[in-house]
Amino acid sequence: MPDDRAGLGGLGRHVRGWHAFALVAGALAVMPQALSPYLLILLCYALIFALACLGLNLLLGTSGLLSLGHAAYFGMGAYAGAFLYRFWQLESLELYLLCGVLAAGLLATVLGYLCTRATRIHFTILSLALAQGVHALFISGAVFEPLGGVGKGLYLLGGGGLYIPRLTILGALHQPGDFIPALYYVILTALLASGVVLRRIDRSPFGHALKSIRDNDVRATFIGLPVRRYRWYAFVLSAIFVGLAGGLYGQLGRQITPDQLHWLFSAQLVLATVLGGTRSFLGPVLGAFAFVGLDEVSSWWIFGRKAVMGGLLIAVVFAFPRGLAGAMAAAADLLRRRPAG
Amino acid sequence: MLEINDIHTYRGPAHILNGVSLTVGPGEAVCLVGRNGAGKTTTIESIMGLLAVRAGSIRFHGEDVTGLPVHQRARRGMGYAPENTGIFPELSVAENLMISRWLSEKARRTGGDGSDEDVERRIYSVFPEVKELTGRQGQNLSGGQKKMVAIARAMALSPSLLLLDEAFEGLAPVVVSRFTDAVIKIKEMGISLLIAESNLANASRIADRMYAIDRGEIIFHGVPQDALGNDEVMKALRG
């Protein structure tokens, strides 16, 4: 399937690049005033999920590596800052996010080095196994052990989860009523800034090198590309953005639990990314929004919620086999080719 | 520049190359001729490192590169255009070339081999047609266009040696003539060439020296005119 450089095929050609970006950013900027508190929180989750999916797609769509272990970096993005709050009274959201990103990056540097020794299905299995190892460390309480009695107590109280209070944003502590709108702008800024960076990477020689490795790694070696090393770089970069999403998620939900480290959460990220379309830059964003939306719709059923969610996902996959972005690009091309009048 | 000594290469359990030795000097065009299945592609792939050599050695610019990974041989100046062109179908021609030029610039910045000469200008002087193709995706090119882009991409790495595998295969006679001119131009730039070719007539037009290979062994080494008059070579090429 060809890369969709414009982001949405024919539609992108009509409403180009920065104009579209400004339009969307502007619309999102007024959401705190337009939406109810509940819908605003839901939008926050969708934006965070979109950031995580964009980050994952640097590995999945651009580099062709399916990781079922990225939940480990998502969770680490929140746990690192949560531990620092608990033991060093860190109160700044900026420091909390920075710690999370660094921790996720460090973990990915080590685990990614191991994973990228393998390819294809073996890479996927290794990514899952290593991440489940990380999950086990949290759910068993092993990570809390070195912190002595306090750590043990925290583990017993939270079942491996940690509470994250309302942190200061740019030095200001917001009251409960103002906190979510203020955090929303942090999340939005993080997503838009990350999107710009990831787009630059995607279009850079490094991004094209990753795509060439994805298409044929043997050919990539004889044009001089160090395939394993570049896959490792892509893995770490991807995990950094997913870690940032995890940190924001922890602050939004005011807690982080081992569930966010479990491979099933990794699978949700993959599912949402594929749903949107891995060969389109904006595909993962569409997929994330669709996934969160479908999850919300399925919640209307108290009984059989998971079955309803599964059914909705199956319907969407059958209706849009090329992903949502692929379907939108096809529709836009159809409109463009329609004769005038 | 390139020296291969007594290499033995296997594909699985099959012993394909049985003590192959050849050399390529600076600025030379050397052709390796043989019929299909003689071991030409295996020789090229062994030099490039795509196939491990079980015995023997490969020296490039005096350095033993026998155990070096493929990408490091490319960075040291071995350009390669395989038989199936090997361009990336989902990238545009410009993007295919961009990667090689970027790697070449990185090599120059870290003090690697390479000159300040405009790489683009060199490529387009050999294949001006490539300029018109930059926006097109690799999968939308014709066979001849893909071969052009494959060679252009190999040149974008500023190689000192170009390995071409069946560069003329499947091309119309007028295009073969075009490619012959291109190869001569590349040689005039000081780039050495080792070309695997099953058509003796094509090889004779461009080669300074020629090796003939049959069943994984070199059976002839000399100038093209001598090959044309050699019964054993002609018999081996006809099969």
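Residues numbered from 1 in each chain as written. Chains lettered and ligands numbered in written order. Predicted model: local features only at pLDDT ≥ 70, side-chain atom pairs only at ≥ 80, totals over all residues.

Caption draft 1: Spatial organisation of the overall build of chain A. Scanning chain A for helices and strands turns up 16 helices and two strands. Against the globule reference of 20 Å for 341 residues, chain A gives a C-alpha radius of gyration of 20 Å, in line with a compact fold. Counting only C-alpha atoms, chain A reaches 70 × 50 × 45 Å along its principal axes. In chain A, which comprises 341 residues, the proportion classed as buried is 46%. Pairs at least 24 apart in sequence give 76% of the contacts found in chain A among residues at least 6 apart. (Helix = DSSP H or I, 4+ residues; strand = E, 2+ residues; numbered from the N terminus. Rg over C-alpha atoms; globule rule 2.2 N^0.38 Å. Buried ≥ 20, exposed ≤ 12 C-beta atoms within 10 Å, placed from the backbone. Contact = placed C-beta atoms within 7 Å.)

Caption draft 2: Local environment of helix α7 (residues 173-188) of chain B. Residues and elements named next belong to chain B. The terminal C-alpha atoms of α7, which comprises 16 residues, lie 23 Å apart, in line with the 22 Å expected from a rise of 1.5 Å per residue. For α7, the full list of buried residues reads Phe179, Ala182, Val183 and Ile186. Taken end-on, α7 shows its buried residues confined to a sector of 100°, consistent with a single buried face. When the buried face of α7 is taken as reference, the exposed residues oriented beyond 90 degrees from it are Pro173, Val174 and Glu188. At its buried positions, α7 is contacted by β3 (29-33), α4 (119-126), β7 (161-165), β8 (192-197) and α8 (200-206). Gly190 sits one or two residues past α7 and shows a positive phi near 95°. (Expected span 1.5 Å × (residues − 1). Arc of directions from axis to C-beta.)

Caption draft 3: Quick look at helix α10 (residues 231-238) of chain B. Residues and elements named next belong to chain B. Among all positions in α10, only Val233, Ala236 and Leu237 are buried. Around the axis of α10, the buried residues are gathered within 95° of arc, so they sit on the same side. Of the residues in α10, the exposed ones pointing more than 90 degrees away from the buried face are Asp231, Lys235 and Arg238. The secondary structure elements touched by the buried residues of α10 are β3, α8, β9 (209-214), β10 (217-222) and α9 (224-228).

Caption draft 4: Region of the structure containing the sheet that holds β7 of chain B. Residues and elements named next belong to chain B. Spatial strand order, β6-β7-β8-β3-β9-β10: six strands in an open sheet with mixed pairing. Of all the strands in the sheet, the pair left with one neighbour each is β6 (78-81) and β10. The sheet shows a mean angle of 15° between the axes of neighbouring strands, direction not considered. The sheet contact formed by β3 and β9 spans four bridges and is parallel. The residue bridging Cys31 from the neighbouring strand is Met210, located in β9. Relative to the sheet, helix α6 (residues 143-156) contacts β6 and β7, its axis offset from that of β6 by approximately 170°. Across the sheet, α10 lies against β3, β9 and β10, angled at about 130° from β10, the strand it touches most. (Pairing = 2+ DSSP bridges. Axes fitted to C-alpha atoms, helices over the stretch in contact; angles between N-to-C directions.)

Caption draft 5: Molecular detail of unusual backbone geometry. Residue and element names in this part refer to chain A. The backbone phi angle of Arg254 is positive, close to 65°, even though this residue is not glycine. Mapped onto the elements of the fold, Arg254 is located in the loop between α12 (227-253) and β2 (255-256). Among the residues examined, Arg254 registers 12 C-beta atoms within 10 Å and is labelled exposed.

Caption draft 6: A look at the confidence of the model for chain A. Residues and elements named next belong to chain A. Overall, the predicted model of chain A reaches an average pLDDT of 88, with 94% of residues at or above 70. Mean pLDDT per element in chain A: helix α1 (residues 10-14) is the minimum at 50, and α12 is the maximum at 97. Overall, residues 1-10 carries pLDDT values under 50, and its contacts beyond four positions in sequence, including any with other chains, amount to 30 contacts. (pLDDT = per-residue confidence, 0-100.)

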